[in-house]
Amino acid sequence: MSGPRVQAGVSDDAAREAATDPRESIVLQAPAGSGKTTVLTQRMLRLLAEVDDPQEILAITFTRRAAAEMRERMYRALHGECGSGALGARLQALAAAVLERSAARGWRLQEDPARLRIQTIDAFNLTLANRLPLAARAGGPLALGERPAALYRLAARDTLLAAEANPALAADADLWFERLDNRWGNLEGLLAQMLAERAHWLPHVLGHAPEALAERVGTSLRRVAESTLGALLALLDAPLLAALSQLPGVGALSGEPGTLEAWQRLAAQVLTQKGQWRRQVTRRLGAEYADAAARAALQECIAALAALEPARERLNELAALPRLELAPDEASALAALSRLLQVAAAELEVRFALEGQVDYTRIAGAAQAALTEEGEPSDLALRLGVRLRHILVDEFQDTSAAQTELISGLTAGWEPGDGRTLFVVGDPMQSIYMFREAEVGCFLAVRDRGVGTLRLRPLQLRRNFRSVPPLIEWCNQIFAQLFPASDDLRSSAVRFTPSIPGHGEAPGQAPPVELRLFAAADRRAESEALLERIVALKKVEPDASIAVLVAARRHAEQLIAALHGRGIEAIGVQLVPLAEVPIVRDLVALARALCHLAERTAWLAVLRAPWCGVSLATLTRLSPRQDTLLPWEALHEPARLEACEPADRVRLERIRTVLGAALGR
């Protein structure tokens, strides 16, 4: 091993050990393949060996699959399935300590692993929300609806109908009708979409004057400008800043938001329309550049800025910023939207009550309400804070602002060194999509600022045990060019951290990755290239397992046919849409038949399905074309049944009884 790799490995081992320390609160950055679930398991085992009750530990995940994997890991460890090697021995020792503690305190964890609190964030939110007073929940336990989008649309429509009876609200609706081409559907769709994303705006609309929304937007724009200007000014020395300010048509430059227009004029002079450094300075830039000295000065400034690589990115950001002050009509539109949204939020609550269903956002809001009263921790929060001594959160890069507030509520009153700890683990580099309002900035904020008064020790894993060294090396080279150079909390930008091979060959050999581009319409050339590559790999490793990922089912059909033509076996995995799976088609036909007795095609499909399976001849006799009777009515006609084949009559009489019960007839 090389020196740097050894040092990185030692640091990685130290981070793994520190991450399981039951006395410290930790924020662990763990990239793909680094074994974060193993670290989670080890930490939970160490905590179980010290607490007085397993219920004092709460492990939160974001998906049922992750929760199931965590439970399985704990179950296997407690039943001696710890694997081999040094890691297996360590797990065995930790599990033995837990079992000793379990026996001493009568936990019976091996027989009753359900005592371990490993839950999804949604399940935990639902538990908290259902502890609210009955009146605050509008009656009955909260139930998660499967299709909240329909409720958003109904609430939006109710809002517009309410506007017709309210002159003040009608003016707001009319304003937005005009902005949306006077189309009812456009405004209804906008309100429905806003309701789906209300976790972002609801705290800033409810309980605030309508004008506050425009003020908040203006404040946010100024903060963005200040932040971007500050980042650019940090790159410039005083002489260069003075030279830029003296360029014709630019004006005074500083970090004040009021100088944004001057900076944008500068960006227009030094950058092309495509955002690249201007190579040629000509009179086309304006009359002020008719003078050779002015052109030379601009050339010198561009050369100086080009030497500061981040400067181009910052100038492009400044050039893209809107004006900092909203126009009067824009401010009026936001105030009108604020009033409409307040009504829409209320209408959605009514819909939730009528349907007896809520969505994830409503549950999360109710959970937060259960933990706070007038901005202070509620009695429930304080009780939970005392009872919960350790919280572990997996996949923390998928945390939303609301979920971070929930964790803050759970840890209210916690102090460093009081025996209570928070452990969060994730990989901000993997937070590439807004999963359920996830904001990677939450990870960065918790890492840098902590949660409430609680500060967490930042740790980082680097070793990747999942991939071979050449692939890791290739990814390091490519993604280092795609990620920003530094973290930026404001824009939720995360810098790339290279991984280190956890095993295998030494780095340096050619990466087993090849990129080839094909014209979008040239599917044949792409398939042939893939085919030749697969054939070549099979010659080297006849028993190798090779996977081909496709974007659409039709892309695979030609390749599979070509592989079969070469005598290479290939199977399609998850290529058949759910709607085309036979059992799904049969269930859809059954639902349509039960909902609409006149759906002749659906009824014939039901009678032909495996649960009935009558012959085509029987179907023809029972319900011929142009028949005046519905298939359901034909099932009750003795003459029709007598004309059917004897074996099929038994099937028809049976399904008639079953469907009659379903229809309540």
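Above this text is the structure in question.
Residues numbered from 1 in each chain as written. Predicted model: local features only at pLDDT ≥ 70, side-chain atom pairs only at ≥ 80, totals over all residues. Heavy atoms only, no water.

**Some words on the sheet that holds strand 1 (residues 26-29)**
In any sheet, the strands associate via hydrogen bonds between backbone groups, in a parallel or an antiparallel arrangement. One open sheet holds the 6 strands; their spatial order is 3-2-6-7-1-8, and the pairing between them is parallel. Every other strand in the sheet has two partners, leaving strand 3 (117-120) and strand 8 (457-460) as the edge strands with one partner each. Adjacent strand axes in the sheet meet at a mean angle of 15° when their direction is disregarded. Pairing analysis gives 4 bridges linking strand 2 (residues 57-61) to strand 6 (residues 390-393), with the strands arranged parallel. Within the sheet, the bridge partner assigned to Ile60 lies in strand 6 and is Val393. Most of the contacts of helix 3 (residues 64-78) go to strand 3, to which it runs at about 165°, and overall it touches strand 2 and strand 3. (Pairing = 2+ DSSP bridges. Helix = DSSP H or I, 4+ residues; strand = E, 2+ residues; numbered from the N terminus. Axes fitted to C-alpha atoms, helices over the stretch in contact; angles between N-to-C directions. Contact = heavy atoms within 4.5 Å.)

**Overview of the side chain of Asn476**
Summarising the element assignment, Asn476 is placed in helix 20 (residues 469-482). Within the local environment of Asn476, its side chain forms a polar contact with the backbone oxygen of Ser499, the two atoms lying 2.9 Å apart. Setting aside anything within four residues of it in sequence, one finds Asn476 in contact with Phe496, Pro498 and Ser499. (Polar contact = N/O pair within 3.5 Å; in protein donor to acceptor, adjacent residues only side chain to side chain.)

**Examining the packing of aromatic side chains**
Within a pair of aromatic rings, the relevant descriptors are the distance that separates the centres and the angle that separates the planes. On inspection of all chains with the given rule, the structure shows 6 aromatic pairs. Taken together, a centroid distance of 6.3 Å and an interplanar angle of 65° make the contact between Phe479 and Phe483 edge-to-face. Overall, the relative accessible area of 21% leaves Phe483 in the partly exposed class. Taken together through their ring pairs, the aromatic side chains of Phe479, Phe483 and Phe496 make up a single cluster. It is Arg179 that lies over the ring of Trp176; its NZ or CZ is 5.4 Å from the centre. (Phe/Tyr/Trp six-rings, centres within 6.5 Å; stacked < 30°, edge-to-face > 60°. Buried < 20%, exposed > 50% of the residue type's maximum accessible area, 1.4 Å probe, protein only. Lys NZ or Arg CZ within 6 Å of the ring centre and 35° of its normal.)

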